[in-house]
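Single-letter residue listing:
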Amino acid sequence: MKITVLSGGVGGARFLRGLRGHVRATDPTSTITAIVNTGDDMWLTGLRIAPDLDSIMYTLAGENDEVRGWGRVGESERVSAELRAYGVGWPWFTLGDLDIGTHLTRTSLLGEGMPLSAVTDRLASRWDLGVRLLPATDDEVETHVVVEDGTSMQFQDMHFQEWWTKHRAALPAREFVQRGVASASPAPGVLDALATADVIVLAPSNPVVSIGTVLGIPGIRDALAAASAPVVGISPIIAGAAVRGMADACLTAIGVETSADAVAAHYGARSSGGVIDAWLVDESDAALLPGIAALGIRAAAAPLWMHDLPTSQQLAADALALAASTASGNRRETSRG
Ligand code: FO1
């Protein structure tokens, strides 16, 4: 079975680790391709940083800092201290020494003309990740946030990472802008991974700046809408709160309520021009299932908290089961149709 997953960073990384474990245990012939958000990427002190690709790579390699959710385990920050001493870079954005090894490698390969997708393959080939990592695009499309400058009522534009890590998403965002998106194209393999998938999953990532950014790359939303595979989304919101990070600040900024059913409605049923066929919510949100079904989206409830590998693997199994019942449901509808 070919499984394609649209993913952001931390939540997506945990889900992919669970999916890999479930697939290895039940159907080793299956393949997993992750189409990963690159909107958080940026240049910093001359290095190209790709947070979501790195979070997934480190997590699947078993090299991630499980507590912080980003960066490497057993990390040191000697170079970062030097950068601060010289007054370059962002003092609020820590680059670990081992992490800098990744950024130096990526930057040097990009400098030789290698596209990000090939660089990502090269970096990932150091480990047996069991998942193919694809950046959503090889083009530099960075998410910027337009915030209201409280005093002069001017609007200020900043890179998403500054809004997220320096301001902790506390500045009210008026708009998220994908800089350069109009001239961007899907990375090699992305459209094929959607067209040939047997199952497509939207990981429990930030619906606005992670999944939304992937869908914003020209061609990807259409490919998802046209895919023959069932598309199952996993809610990143449990009982009205974001599981990780500050997805609620992003949802509020685009006028979407922070709830599992509001996010499902935001993605929309593929049968009415949206991007999902099915939606998995946490058991604590089971009361929302009839409302989601009324949107034309097959809905189910399962434990969404990924505390450890077994719970992540079970979530993956529940998502694939929902995909299977959706696919058979779709077939019955078409046969009846
Ligand atoms: N997040 C923070 O809150 N503080 C940091 O200093 C920080 C550094 C950092 C360095 C490399 C990297 O790949 C990620 C880093 N992150 C940091 C996390 C990053 O903001 C998130 O992974 C995503 O970009 C947001 O989803």
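Located above this text is the structure these notes cover.
Read on for an overview of the structure. The shown structure was predicted, so the numbers you read here are calculated from the model rather than taken from an experiment.

Reading guide: rules and limits
Residues numbered from 1 in each chain as written. Predicted model: local features only at pLDDT ≥ 70, side-chain atom pairs only at ≥ 80, totals over all residues. Heavy atoms only, no water. Phe/Tyr/Trp six-rings, centres within 6.5 Å; stacked < 30°, edge-to-face > 60°. Helix = DSSP H or I, 4+ residues; strand = E, 2+ residues; numbered from the N terminus. Buried < 20%, exposed > 50% of the residue type's maximum accessible area, 1.4 Å probe, protein only. Pairing = 2+ DSSP bridges. Axes fitted to C-alpha atoms, helices over the stretch in contact; angles between N-to-C directions. Contact = heavy atoms within 4.5 Å. Near = heavy atom within 4 Å. Polar contact = N/O pair within 3.5 Å; in protein donor to acceptor, adjacent residues only side chain to side chain. Nonpolar A, V, L, I, M, F, W, Y, C, P; charged D, E, K, R; others polar. Core = buried A, V, L, I, M, F, W, Y, C linked by side-chain atoms within 4.5 Å. Domains from an automatic or database assignment. Salt bridge = Lys/Arg side-chain N within 4 Å of Asp/Glu carboxyl O. 1 Å grid on protein atoms, 1.4 Å probe; cavity = no way out; pocket = protein on both sides within 12 Å on 5 of 7 lines; lining within 4 Å. Points joined across faces, edges and corners; volume = space filled by probe spheres on them.

As for the packing of aromatic side chains
- By the definition in use, this model includes 7 aromatic pairs.
- Between Tyr267 and Trp279 the ring centres are 5.5 Å apart and the planes differ by 65°, which places this aromatic pair in the edge-to-face class. Placement of Tyr267 in helix 11 (residues 260–267) and of Trp279 in strand 13 (residues 278–282) is noted, with a sequence separation of 12 residues between them. Accessibility classification places Tyr267 together with Trp279 in one group, the buried group.
- Among the aromatic residues, those joined into a cluster by ring pairs are Phe160, Trp163, Trp164 and Phe176.

Details of the sheet that holds strand 9 (residues 199–202)
- Taking strand neighbours across the sheet as the criterion, the 7 strands line up as 5-2-1-9-10-13-14 in an open arrangement whose pairing is parallel. Each edge of the sheet is formed by a strand with only one pairing partner; in this case those strands are strand 5 (132–135) and strand 14 (298–302). Sheet twist, expressed as the average angle between the axes of neighbouring strands with direction ignored, equals 20°.
- As paired elements, strand 2 (residues 31–36) and strand 5 share 4 bridges and run parallel to each other. Bridge assignment links Thr33 to a residue of strand 5, and that residue is Arg132.
- Helix 2 (residues 51–61) rests against strand 1 (2–7), strand 2 and strand 5 of the sheet, and its axis sits at about 175° to strand 5.

So, the site of the ligand
- Around the ligand, a shell composed of Asp40, Pro51, Trp70, Trp92, Phe93, Thr94, Asp99, Phe160, Gln161, Trp164, Thr165 and Arg168 is seen.
- Trp70 is positioned such that a nitrogen or oxygen atom in its side chain is 3.4 Å from a nitrogen atom of the ligand.
- Within the contact set of the ligand, an oxygen atom lies 2.8 Å away from a side-chain nitrogen or oxygen of Arg168.
- When residues of the shell around the ligand are assigned to their parent elements, the largest contribution, 4 residues, is made by helix 6 (residues 160–166).
- The residue makeup of the shell around the ligand, split by class, is 6 nonpolar, 3 polar and 3 charged.

Notes on the nonpolar core
- In terms of nonpolar packing, the biggest core is built from 55 residues, with Leu6, Trp163 and Trp279 touching the most fellow members.
- If you tally residues by element for this core, the top one is helix 11, at 5 residues.
- Two domains each donate at least three residues to this core, and these are domain 1 (2–138 + 186–336) and domain 2 (142–182).

Comments concerning the pattern of salt bridges
- Inspection of the entire model under this criterion finds 13 salt bridges.
- Between Arg68 and Asp65 there is a salt bridge, with the nearest N and O atoms lying 3.3 Å from each other.
- Note on Asp65: relative accessible area 16%, which makes it buried.
- A salt bridge links Glu162 to Lys166; the nearest nitrogen and oxygen atoms lie 3.8 Å apart. Pair noted here: Glu162 and Lys166 are both in helix 6, with a separation of 4 residues, about one helical turn.

A short note on the layout of surface pockets
- What the largest pocket holds in volume is close to 960 Å³.
- Forming the walls of the largest pocket are 46 residues, and the residues nearest its centre are Val10, Ser55, Trp70, Trp164 and Arg244.
- Elements supplying a minimum of two residues to the lining of the largest pocket: helix 1 (10–26), helix 2, helix 4 (97–111) and helix 6.
- Among the elements that line the lining of the largest pocket, the one with the most residues is helix 2, at 5 residues.
- Counted by class, the lining of the largest pocket contains 20 nonpolar, 16 polar and 10 charged residues.
- Counted as a void, the second largest pocket has a volume near 260 Å³.

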